Amino acid sequence: MAPPTLPTSLSPHVCLLASPDVQEVLEGAGLPSLPEILQCFSPLPQITTRTTSLTSVPHASFALRFSDVVEIENAVHEDEEQRAGRMLDWMGERISARCERWVDTLESVASEGGGKMWRDRTPWWEEVKRCVEGDYVPNSSEGWNHPVSLILAVTTTAANPLQALQELTARAFDFPPWVDLTSMRYFLIIHPSSAPLADPIAEALFNAVKKQYGLHSFLLPLHLPTDPLPQPVPVPSLPPRLPALPSLHSPPRTPQPSRPGSNALSPTPTPPPHPASPMPSASRPPPLTNKAPDNPPPSPTVYTGSTLRLTQDDIQQIGRFVREFVTMSLIPWMEKCVMEWNENYSSSRRLPSRLFSSTRRLFGASAASSPATPTHGSSPSVSSVNSRYTHGQNSSVSSIASVASMSTMTGGNVNQQRRLAEFATILGDYKLAIAVWETLRKEGRGGSDILPLLSAPSPALSLHADHALSTLRGPQPRQIAATPYEVPAHAQLRALAYAVRWETGIDRQEFLGSTLEGERWLVKAASSAEEPPTAILYAHAAFLSESKGGRRKAAFWYLAAAEKLEKTGIKPLAMFFFRKAHGLFRDPPSKELSPAFWESEDRSPTGWEGFSAVLPAIEHELGRLLYTTGDTAAAVKYFLELLKPPAQIGPQLQFAHAANGAGSPLLPQPSRDKVYLEDFRVAFKHFKTTEGDAWKKLSLRLPITFCQAKQMRIRFPGDAIEGDSAAWEKLEQDWAQFWSLRGKEKLGKSGKAAVNENFWVDVALRNPLDVEVTLTRLTVSVREVSAKDADAAPDFVEVEVVDDVVLGPKDTRTIPISVKSTRPAALVITNAVYEFFSLLPAVESLAVRGRRLNDTPIQRQGKVYAPDVLMTIEVEEAGQRLHAHFVDDRHLNLAQGEYKRQCVWLMNSGTRPIRDLWVIGGEEDELWFDTGSIDTAANATSSSSTKNEVLHFSNSLAPRKPYRILLDAIHSSPQLAPGEEMQLPLILHAAHHGEKELSLLFVFREADDTEFHSTRVTRRYEVKPILKVTTSARPSASTSETYVVNIEVENITGSSNIELKQLSTMGASWECSPMLPPSTVVLPPRQLANFSLGARPTPLGTGPSETGDFVVRKLKVVLQGDQVDASEPPPLDLTCTHIAPDANIVPLHTPATRHFIHCGRRTMTAQATAAAHPDIPTRLHRAIFSLYNPSTIDVVLFWELPAQRRAGHILLQGPTLGAGHAPLRELVGAARSMKVKRSMYAETQRERAAILEAVQACEWNREDDPVAVFVQDGGVVEHDFRQGPCHVPVAFTFRNLSLTHPARVTLKLAEAPEADPADLSSNLLPPPYAGRLTFRRVLEPSQTYTAQTRLWATRPGCYALDSWTAETEVGEPMSLTPSDAEPGALPVWQSRQLRYVQRPPAGEQPCVTVVDVARLA
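For clarity, every value in this text was computed on a predicted model and none was experimentally measured.

Attention shifts here to the packing of aromatic side chains. Going through the model one piece at a time under the given rule, you end up with 37 aromatic pairs. A ring pair is formed by Phe-684 and Trp-695, whose centres lie 5.9 Å apart and whose planes are at 90 degrees; its orientation type is edge-to-face. In this pair, Phe-684 is assigned in helix 25 (residues 672-691) and Trp-695 in the loop between helix 25 and strand 10 (713-715), connecting sequence segments 11 residues apart. Taken individually, Phe-684 and Trp-695 each receive the classification buried, so the pair is uniform in this respect. Their ring planes at 70 degrees and their centres at 6.0 Å tell us that Phe-1292 and Trp-1364 sit as a pair that is edge-to-face. Here Trp-1364 lies in strand 47 (residues 1364-1371) and Phe-1292 lies in strand 41 (residues 1286-1296), a separation of 72 residues in the sequence. Through pairs of rings, three or more aromatic residues link up here, namely Phe-680, Phe-684, Trp-695, Phe-706, Tyr-834, Phe-836 and Phe-837. Seen from the ring of Phe-886, Arg-1019 lies directly overhead, with NZ or CZ sitting 5.4 Å from the centre.

Okay, here's the thing in structure tokens:
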């Protein structure tokens, strides 16, 4: 490992105290102060020191720092926090004053291709380093700036040089107690050639000084010619220093007479007050700047800086003095101190001392018990720190005995061990220095900041750096998230000094290596402080990271540095760093990928656009900075480029908000697009106002597009604007399927416009921004296909111009722009033209990229596309045209089930008549076209009094057929001539609630065997429910009905009375009758009405059994995997029962009502079937399933709002009655056990399993217990128990609810039941059954049987009728065998292997009461 290079700030600090005559001599010769002259001779080359083991250590250079002791005294009394704050502000001012010239220099050098001197360093970091290294003021945390030596200088021009030297020696030093005054005194006698003393006398004076003050003396003869002055000699620039506060200058001190008995020598005369050593009033320009200062040239006797007017002999004499001072005095004295202090250190590290110190550290010791040791700096050569003006005995070297003592000065961290470590570090005794620094680190007295400079690279050095920085800041208090912790100024300054030392003292390769990663140390030293030097730390860390290849990390740190500099107002450098970060983020990462990757991903290897989550924030800041600095044109370009949709790749970085002062994190942040757009509008308006038409030279173009060319279309009259395109396509397919069985004519789509007729270009606009946008003067560019000039607009075409189009955030709108041509032509739509916020004109191409070509090998090897496609329209003379729209196009608010009359206005706008007209509606739309007959359903009243009727339905799920409009029924003639118009009345039944859209497709033609044409019309409406209808059913014990059906109707409106006009039921196997006399029911808001109906089986008519057999047969084909034929279910007769007053019955057989019921039932069945069997194609449902399930009951409820003259009906599927016996059980079992051909596709196997599960769980495979048990409840028997116990009769009634299968029932009664211990709260007695306890009976379909049993009551009370079990076995439908086909033969019982067990239901407690009449007597 090469010896470390110590920073200048870690070199010995030498203070000078000169008499006034010294300054007079130097000023007369045009020279600066003596410390500045001596500083020009530092560092010294080729210096050798010795370690404690007497090993020589060569130093290629040995630096010194010289300063005026008076300046140090004035500065050391300033509060450290205040001085640190002034230091940071001063450095920020210097950076602000020089940054613009730095940036100009670097940019000019970069443009010229040079800049070798700035490849390894940056001017801002050099400036910060010089400022930090120029701080010589001691501080309480470390001893590097504490004086090591004091040089007392006089000249032979003084009246009495010895007296002047004595006065300097007797002077008291004004230092705080924590300043270590262990220093070597050195006496310098300057003998200029203009002095009155001759050279021999000067030699005699020098001998006298050596005799009185010691050997640390030197006689410095100088010529110092003044007329003429010597030629200036360039010297290194001195490091800048913080200007002193005027209030901190100490008043002149007068030596006081010595105390009686004192050994100090005090001069009798009082010397005049000595002035402070002069410093330049203004800081000198940095070495980077080559610009001449604005001040006039100085006079010949004024010091100009960076040069010295000395002769070569004087330079050699001064150099000889500095070298002799270092080699003959300073270094030997420091080596002696190290030897003495090392002895003390070694003795304190022996075992007894270590145990004693450990005991004190663990258990503590009071301050009073510790012996008072002499202070570290107390010596005969310096005054006591407790007395500011008391003089002590003069000596050239401080006492070594006092040097060896341990320091106990309060208020500081500089003790003898630390000084030992610092001296050993300066002298190159790194082994001893590392040991002492480690000891200090373990004791919490520092050292972690110096160990990285002396140790070999290892991961432990990073821990040392972290510890040094964390010790500076201390524990951070808990803060609110919005207010970050503010690091004190002195901690910021110390961290900055550490960073400078690390970056300077550690080899660059090792510092940036993977072991140390020193650039991270700089970032940690910067922390979260917001000062310019802190920002420079981030910038230098970014510079180092960029030099080692960490481009992304460097860009992030450049961004942080720019943000901090912007907050402090240093805009030129902030913009430079923003541009650096922007360039690094835009550079593509180096990725060596296969060319096949880019082909597979369909991406270009050069299509890198940078990190889109970060770049907009940087560009925004650059734009704002340019705008505030007056470069509006560049700011407008930046703001315009920001108007593009953000890439959704992660969370957005909030640099923009943080840089401008973010608000509370709990509040939602404004949209980035909103901020960018507002800045663009403000900047562009200002630029147009101030610069006039200069904006046209900028060639500004919007980076975003609003037009969606692929979604744009041409719409002709008759095409609906609204409506789902898939719905219109479905209607056209339904028409094609319907007409394919009747003719070969097709539905034509000419796609041509008519002369003098408007057609529309539907411009699809999508706002990609997250902010509202306004486009003005929106139009399209139209040209003729044969036109040679692409920009020439034909004069026979009129194009609409839309004034304002407002697009919300992420909004998508379609804006129709009308176009009309006055003559036939072929037109092409080329561009969309608009103005962005009435500021920036924009033109967007409406061309769509052509298809990719794959015809030739060359095309297949690369990406070759056909020419772009533009929208082309042919304008021809008008032919067959039909315009349609609703007469009343207001938004409809309908109640669920309401009838609404509508009229569609139709006009023939073509040149040929229309004789054939059809209309097609959606699958869920319930429409009745009233072509002349007034339907009673719309009026909701009828004069019929029939309460029962039978409806014959086709029972097919086939979709509705298109409705043909008979023109002679609604028009005066059987054709619609050109220019004629008519109205088509229709009734809309709002069956389903929600937002709905009525889509009607009108298909027309002139005559047979001609092509069909179509037009579209839509109408949106909203349906709200007003009634909530629920149904339920339960078996009935009555002999007149099998079930009791309950219908509950609730008025869910808040303000309307609803009149229930009629309740109708429909069923194929069941008919209902009211259990109460019918009457008109008026439901107030939020009220209920209940209807009870009795249901009983109807005589088997046409359809129920055939329908069930049809579904079973078709499902069998499905399960076997065969092809399903196209046959449809057989027709079905529905028995209808109406519950209403006799004069207000609405029959269901009227065409409109029947049509609405059929449409509603088909919609319900189709949706339920699709949900239950999703794996069976929908097109096959009509060939497999029926429209009605014979076991269900449908309910139709007619209602009316008399106050609003509104009426309608609601259709709902009621309960399923009867019992099912799993008719598909055998089919499902056979399908499970059937060997099917194995498929290589797992999806096929899963689909078959899903179909099988759906069939097993469907309503056609329902399985129920067919027997209902009723126990006689509430009976009362009176008996005189004086005559003994009695028998109480009990009846059990069994009813077979099945309509097709018999059931074998076995009733078992418990012989001696006991009370249930779990039901202790019951007061009922257990039933003591007597007599026959088992009853068996075979019940035919719908048959009822009553079993009579008895109780043996031994006492009065209530007896529970429980403790029974009913076992049921279902049989197959009974038939007679041929051999037993004689009269009186019994059918053969065949079990269906379905068995059920019933017990008393929980919660029900039927009972019989036995009363003792003897007690009543």
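That covers the picture; the talk isn't over yet.
Attention shifts here to the sheet that holds strand 28 (residues 994-1005). Read across the open sheet, the 5 strands follow the order 21-29-28-23-26; overall the sheet is mixed. The open sheet has two edge strands, strand 21 (892-895) and strand 26 (963-965), and neither has a second partner. Strand-to-strand, the axes of this sheet are offset by a mean angle of 35 degrees, without reference to chain direction. Sheet analysis places strand 28 next to strand 29 (residues 1013-1024), joined by 11 bridges and oriented antiparallel. Each residue of the ladder has a partner; that of Phe-1002, found in strand 29, is Thr-1015. The sheet strands contacting helix 26 (residues 725-740) are strand 23 (916-920), strand 28 and strand 29, and the helix crosses strand 28 at an angle near 40 degrees.

To continue, consider the confidence of the model for the protein chain. Confidence in the prediction for the protein chain averages 82 pLDDT; 84% of positions are at 70 or higher. Below pLDDT 50 for its whole length, residues 1376-1380 participates in 5 contacts with residues either more than four positions away or in separate chains.

Its place among the elements puts Leu-64 in the loop between strand 3 (56-62) and strand 4 (65-68). For the pair Leu-64 and Gln-39, spaced 25 residues apart in sequence, the C-alpha to C-alpha distance is 7.3 Å. With residues near it in sequence (within four places) discarded, Leu-64 still touches Ser-11, Pro-12, Gln-39, Ser-42, Leu-44, Val-322, Val-326 and Leu-330.

Within the secondary structure, Glu-335 sits in helix 8 (residues 312-348). Polar side-chain contacts of Glu-335 include one of 2.9 Å to the backbone nitrogen of Arg-50. Excluding anything up to four places from it in sequence, Glu-335 contacts Thr-49, Arg-50 and Leu-427.

For the rest of this paragraph, the subject is the packing of helix 17 (residues 518-526) against helix 18 (residues 532-547). As a packed pair, helix 17 and helix 18 sit with axes 8 Å apart at the nearest point and diverge in direction by 165 degrees. Between helix 17 and helix 18, the angle is such that the two are roughly antiparallel. Judged by the twist between their axes, the crossing of helix 17 over helix 18 is left-handed. Residues Glu-519, Leu-522, Val-523, Ala-525 and Ala-526 of helix 17 touch helix 18, and the partners they reach there are Thr-534, Leu-537, Tyr-538, His-540, Ala-541, Leu-544 and Ser-545. Across the contact of helix 17 with helix 18, the residue classes tally to 8 nonpolar, 3 polar and 1 charged.

Here the focus is the sheet that holds strand 33 (residues 1070-1074). Taken together, the 4 strands give an open sheet; going across it, the order is 30-31-35-33, and neighbouring strands pair in antiparallel fashion. Only two strands of the sheet have a single partner each, and these edge strands are strand 30 (1027-1035) and strand 33. Each adjacent strand pair in this sheet contributes to an overall mean axis angle of 30 degrees, direction not counted. Alignment of strand 31 (residues 1043-1051) against strand 35 (residues 1088-1097), held across 8 bridges, turns out to be antiparallel. Its bridge partner lying in strand 35, Val-1045 is registered against Leu-1093.

This brings us to empty space enclosed by the protein. Scanning the entire structure with this criterion turns up 6 cavities of 30 Å³ or more. Its volume calculated, the largest cavity comes out at about 110 Å³. Surrounding the largest cavity, Ser-9, Arg-65, Val-132, Asp-135, Asn-139, Glu-142, Asn-145, Leu-493, Arg-494, Ala-497, Val-500 and Arg-501 form its lining. With 5 residues, helix 15 (residues 489-505) is the single largest residue contributor to the lining of the largest cavity. When grouped by side-chain class, the residues that make up the lining of the largest cavity number 4 nonpolar, 3 polar and 5 charged. Volume-wise, the second largest cavity comes out at about 90 Å³. Considering the residues around the second largest cavity, the lining is formed by 11 residues, among which Pro-147, Leu-150, Phe-175, Leu-181 and Ser-183 are closest to the centre.

Evaluated as defined, the whole model comprises 63 salt bridges. With a shortest N-O distance of 2.9 Å, Asp-180 and Arg-419 are connected by a salt bridge. Highlighted residues: Asp-180 in the loop between helix 6 (161-170) and strand 6 (184-192) and Arg-419 in helix 11 (residues 416-427), separated in sequence by 239 residues. Under the relative-accessibility criterion, Arg-419 is labelled buried at 1%.

The buried fraction of helix 3 (residues 69-76) amounts to 8 of the 8 residues, a majority that puts the element mostly inside the structure. Within helix 3, burial applies to Val-69, Val-70, Glu-71, Ile-72, Glu-73, Asn-74, Ala-75 and Val-76. Contacts made by the buried residues of helix 3 are with strand 1 (13-18), strand 4, helix 4 (80-112) and strand 5 (149-155). For helix 3, the N-terminal cap is Asp-68; the gap from its side-chain oxygen to the backbone nitrogen of Val-70 is 3.1 Å.

So, about the packing of helix 8 against helix 12 (residues 430-442). In the contact formed by helix 8 and helix 12, the axes pass within 13 Å of each other and the chain directions differ by 45 degrees. When the interaxial angle is binned, helix 8 and helix 12 end up oblique. Where helix 8 crosses over helix 12, the handedness of that crossing is left-handed. Taken together, the residues of helix 12 that come into contact with helix 8 (itself represented by Val-338, Asn-342 and Tyr-345) are Leu-432, Ala-435, Val-436 and Thr-439. Broken down by class, the residue content of the contact of helix 8 with helix 12 amounts to 5 nonpolar, 2 polar and no charged.

A few words now on the pairing of strand 12 (residues 759-766). Here strand 12 lies mainly inside the structure; 6 of its 8 residues are buried. Of the pairings in the sheet, the one linking strand 10 to strand 12 comprises 3 bridges and is antiparallel in character. Within strand 12, the position partnered with Arg-715 by the bridge is Trp-760. Two strands pair when backbone bridges link them, and strand 12 and strand 16 (residues 812-821) are joined in this way by 8 bridges, in the antiparallel orientation. Within strand 16, the residue paired with Ala-764 across the bridge is Thr-814.

On to the environment of Arg-1206, then. When you line up the elements, Arg-1206 lands in strand 38 (residues 1206-1216). Taking the C-alpha atoms as reference points, Arg-1206 and Lys-900, 306 residues apart in sequence, are found 8.4 Å from one another. Beyond its immediate sequence surroundings of up to four residues, Arg-1206 is in contact with Asn-893, Leu-894, Ala-895, Glu-898, Trp-1199, Glu-1200 and Leu-1201. Within polar-contact distance, the side chain of Arg-1206 engages the side chain of Glu-898 at 2.7 Å.

In this section: unusual backbone geometry. Residue Pro-43 is reached from Ser-42 by a cis peptide bond, and omega for that bond is 5 degrees. Note that Pro-43 resides in the loop between helix 2 (34-39) and strand 2 (44-50). The phi dihedral of Ser-1342 falls on the positive side, at around 65 degrees, and the residue is not glycine. By the secondary structure assignment, Ser-1342 is in the loop between strand 44 (1334-1339) and strand 45 (1344-1353). Given the relative accessible area of 34%, Ser-1342 is considered partly exposed.

Residues spaced three or four apart along an α-helix point in a common direction, a consequence of the helix completing one turn every 3.6 residues. Between the first and last C-alpha of helix 26 there are 22 Å, a value that for 16 residues agrees with the 22 Å anticipated at 1.5 Å per step. By the burial criterion, the buried members of helix 26 are Trp-728, Leu-731, Glu-732, Trp-735, Phe-738 and Trp-739. Angular distribution of buried residues about the axis of helix 26 spans 125 degrees; they occupy a single face of the element.

Rules used throughout
- Residues numbered from 1 in each chain as written.
- Predicted model: local features only at pLDDT ≥ 70, side-chain atom pairs only at ≥ 80, totals over all residues.
- Heavy atoms only, no water.
- Phe/Tyr/Trp six-rings, centres within 6.5 Å; stacked < 30°, edge-to-face > 60°.
- Helix = DSSP H or I, 4+ residues; strand = E, 2+ residues; numbered from the N terminus.
- Buried < 20%, exposed > 50% of the residue type's maximum accessible area, 1.4 Å probe, protein only.
- Lys NZ or Arg CZ within 6 Å of the ring centre and 35° of its normal.
- Pairing = 2+ DSSP bridges.
- Axes fitted to C-alpha atoms, helices over the stretch in contact; angles between N-to-C directions.
- Contact = heavy atoms within 4.5 Å.
- pLDDT = per-residue confidence, 0-100.
- Polar contact = N/O pair within 3.5 Å; in protein donor to acceptor, adjacent residues only side chain to side chain.
- Parallel < 35°, antiparallel > 145°, perpendicular 65-115°, else oblique.
- Left-handed = near helix turned anticlockwise from the far one by under 90°.
- Nonpolar A, V, L, I, M, F, W, Y, C, P; charged D, E, K, R; others polar.
- 1 Å grid on protein atoms, 1.4 Å probe; cavity = no way out; pocket = protein on both sides within 12 Å on 5 of 7 lines; lining within 4 Å.
- Points joined across faces, edges and corners; volume = space filled by probe spheres on them.
- Salt bridge = Lys/Arg side-chain N within 4 Å of Asp/Glu carboxyl O.
- Expected span 1.5 Å × (residues − 1).
- Arc of directions from axis to C-beta.

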